[in-house]
Amino acid sequence: MRIYVTAALGILIIFAIAPSGGAMDCTSQFSADQRQVYASLSPSNRHILSTQIKDKKGEPASCNFQRGLLDILANYSPDKRDADFKQLLDHLLIHTP
């Protein structure tokens, strides 16, 4: 009986922690234009966008927020997007390195 309770508790803990531990993959929700902008960012900036930007509550940025940020970056030329993303990151966004 004790083994069953311990196993059930372990499974419950795993399911409770798993959603908060991983970043949500929003790339499947991006439009074709947003995917193009996302692909033009450096790998480190793509990582920051998908995992390190937080809202004011400390939660990871929602997919809607990421899509909106990509829409803003679409206004910049592809060769300047990384620099402009870094500027937005340094001056406007909350991120955890």
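Just so it is clear, the model here is predicted, and its values are computed rather than measured.

Considerations on the overall build of the protein chain
- A tally of regular secondary structure across the protein chain gives five helices and two strands.
- Along the protein chain, helices (α) and strands (β) appear in the sequence α-α-α-β-α-α-β when read from the amino end.
- Counting only residues that meet the buried cut, the protein chain has 25% of its 97 residues in that class.
- Taking contacts inside the protein chain between residues at least 6 apart in sequence as the whole, the part at least 24 apart equals 62%.
- For the protein chain, the accessible surface area stands at approximately 6,900 Å², while carbon and sulfur atoms represent 61% of it.

Looking at the side chain of Arg67
- Checked against the element boundaries, Arg67 lands in helix 4 (residues 63-73).
- Leaving out residues up to four positions away in the same chain, Arg67 has contacts with Gln29, Phe30 and Gln34.

Regarding helix 3 (residues 43-52)
- Within helix 3, the full set of buried residues consists of Asn45, Ile48, Leu49 and Gln52. One side of helix 3 holds all its buried residues, which, seen down the axis, span an arc of 125 degrees.

What about the nonpolar core?
- Counting residues in each nonpolar core, the largest one holds 17 residues, and the members touching the most others are Leu49, Ile53, Leu69, Leu70, Leu73 and Phe85.
- Counting residues per element, the ones that place at least two in this core are helix 2 (32-40), helix 3, helix 4 and helix 5 (81-91).
- Considering each element in turn, this core owes the most residues, four residues, to helix 4.
- Setting aside its immediate chain neighbours within four residues, Leu69 contacts Leu49, Ile53, Phe85, Leu88 and Leu93.

A look at the packing of aromatic side chains
- As enumerated under the stated definition, the model contains one aromatic pair in all.
- Pairing Phe30 with Tyr38 gives two aromatic rings, centres 5.5 Å apart and planes at 55 degrees, and the pair type is tilted.
- Accessibility expressed as a relative area gives 4% for Phe30, which makes it buried.
- With relative accessibility at 17%, the residue Tyr38 sits in the buried group.
- Of note, Arg46 hangs over the ring of Tyr38, and the distance from its end group to the ring centre comes to 6.0 Å.

About the criteria used
Residues numbered from 1 in each chain as written. Predicted model: local features only at pLDDT ≥ 70, side-chain atom pairs only at ≥ 80, totals over all residues. Heavy atoms only, no water. Helix = DSSP H or I, 4+ residues; strand = E, 2+ residues; numbered from the N terminus. Buried < 20%, exposed > 50% of the residue type's maximum accessible area, 1.4 Å probe, protein only. Contact = heavy atoms within 4.5 Å. Areas by Shrake-Rupley, 256 points an atom, 1.4 Å probe, with all protein chains shown as cover. Arc of directions from axis to C-beta. Core = buried A, V, L, I, M, F, W, Y, C linked by side-chain atoms within 4.5 Å. Phe/Tyr/Trp six-rings, centres within 6.5 Å; stacked < 30°, edge-to-face > 60°. Lys NZ or Arg CZ within 6 Å of the ring centre and 35° of its normal.

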